Amino acid sequence: MPSANSVIVLDFETTGLSPNMGDRAIEIGAVKLVDGEVVDTFQQLMNPGFRVSSFIESYTGITNNMLTHAPCCEEVMAEFAEFIQGENLVAHNASFDKRFLDDELERINANYSGEFACSLLVSRRLNQQAPSHKLGDLVRHMNIDNDGVFHRALADAQMTAKLWMLMVSDLEQRGIDLPSFALMQKIGKTSKAAVEKLLASQ
DNA sequence: TGCCAGGCCCTCTTTAGGGCCTT
């Protein structure tokens, strides 16, 4: 049973957009939040077993040379499966990260018990004035503290965690005492038009 | 040869199409 007051915010860097097209994870980054505080982190490069494209090298800054010396996906994901055990999960555009998490864990016959919530879907509802909901654009728009590193797994997970906590604070300011993971998850799945009604009913 | 993701959301919608997001 996932813990009520903790959540793990994660981000994958991958060789492309779809595990169904043969793409694999090349880096996982994650932060564990308990009561809004970072209590643990996880970051690891992993070797997908083939060369990544020059686009991915340029996009992420992760080079084939760096991956040559990294442990394989199976080894890293086995460790990561332990890290997320019993925790609920958050990612920016969670459907993307969930596909890779499910695919990589299926390869090693591992699984997880938590559920996903999506910071992108929540942001589209709570930050309707934002010109864009790309993670980098939201970080700039909301003046979220960052070290200027984008498209690396731990850096993106850290920024997503800060965005998540800001949105939790936003809900608290709207009068909701200790917004739960379940409420955040529900906001992401509720139509924009119904969100105000949902919040008013809390 | 040429093409290849998938889920969400909006609208000139629902017998569909296209933009936004993720790498």
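Coordinates for the structure precede this section.
Here is a short report on the structure shown in this document. Bear in mind the structure is a predicted one, so any value in this text is a computation, not a measurement. (Residues numbered from 1 in each chain as written. Chains lettered and ligands numbered in written order. Predicted model: local features only at pLDDT ≥ 70, side-chain atom pairs only at ≥ 80, totals over all residues. Heavy atoms only, no water.)

The subject of this paragraph is helix α3 (residues 73-84). Over its 12 residues, α3 extends 16 Å from the first C-alpha to the last, a length consistent with the 16 Å expected when each residue adds 1.5 Å. Each element contacted by the buried residues of α3 is listed here: β1 (6-14), β2 (25-34), β3 (37-45), β4 (88-91) and α4 (94-107). One or two residues past the end of α3 sits Gly86, with phi positive at roughly 80°. (Helix = DSSP H or I, 4+ residues; strand = E, 2+ residues; numbered from the N terminus. Expected span 1.5 Å × (residues − 1). Contact = heavy atoms within 4.5 Å.)

Here we come to the pattern of salt bridges. Pairing is possible between side chains of opposite charge, provided their charged atoms come close. Taken as a whole and assessed by the stated rule, the structure comprises nine salt bridges. Linking Asp145 and Lys162 is a salt bridge whose minimum nitrogen-to-oxygen distance equals 3.5 Å. Of the two residues, Asp145 sits in the loop between α6 (135-141) and α7 (153-173) while Lys162 sits in helix α7, which places them 17 residues apart along the sequence. Judged by its relative accessible area of 56%, Asp145 is exposed. (Salt bridge = Lys/Arg side-chain N within 4 Å of Asp/Glu carboxyl O. Buried < 20%, exposed > 50% of the residue type's maximum accessible area, 1.4 Å probe, protein only.)

This brings us to the protein's contact with DNA strand B. Neighbouring residues of DNA strand B: 28 residues in total, closest Asn20, Met21, Tyr59, Arg125 and His133. Considering DNA strand B, the proportion of its atoms within 4 Å of the protein that are sugar or phosphate atoms stands at 64%. One of the side-chain N or O atoms of Ser18 is found 3.5 Å from a sugar or linking oxygen in DNA strand B. Asn93 is positioned with one of its side-chain polar atoms (N or O) 2.8 Å from a base oxygen of DNA strand B. Elements that contribute at least two residues to the surface near DNA strand B include exactly β1, α1 (54-60), α4 and α5 (119-126). (Near = heavy atom within 4 Å. Polar contact = N/O pair within 3.5 Å; in protein donor to acceptor, adjacent residues only side chain to side chain.)

What follows deals with the nonpolar core. Core analysis: the largest hydrophobic core is formed by 29 residues, its most contacted members being Trp164 and Ile187. Those elements that place two or more of their residues in this core are β1, β2, α5, α6, α7, α8 (181-189) and α9 (192-200). Looking at which element gives the most residues to this core, the answer is α7, with eight residues. If you look at the next biggest cluster of nonpolar residues, it comprises 26 residues, including Ile8, Phe83, Ala94 and Phe116. (Core = buried A, V, L, I, M, F, W, Y, C linked by side-chain atoms within 4.5 Å.)

Within the fold, Val34 resides in strand β2. Linking Val34 and Glu104, residues 70 residues apart in sequence, is a C-alpha distance of 26 Å. In contact with Val34, other than residues within four places in its own chain, are Asn5, Ser6 and Val39.

Take the sheet that holds β4 next. Taking strand neighbours across the sheet as the criterion, the five strands line up as β3-β2-β1-β4-β5 in an open arrangement whose pairing is mixed. The open sheet terminates on both sides in strands that have one partner only, identified here as β3 and β5 (116-118). Recorded for the sheet is a direction-independent mean angle of 25° between the axes of neighbouring strands. The sheet contacts of α3 involve β1, β2, β3 and β4, and relative to β3 the element is tilted by about 170°. (Pairing = 2+ DSSP bridges. Axes fitted to C-alpha atoms, helices over the stretch in contact; angles between N-to-C directions.)

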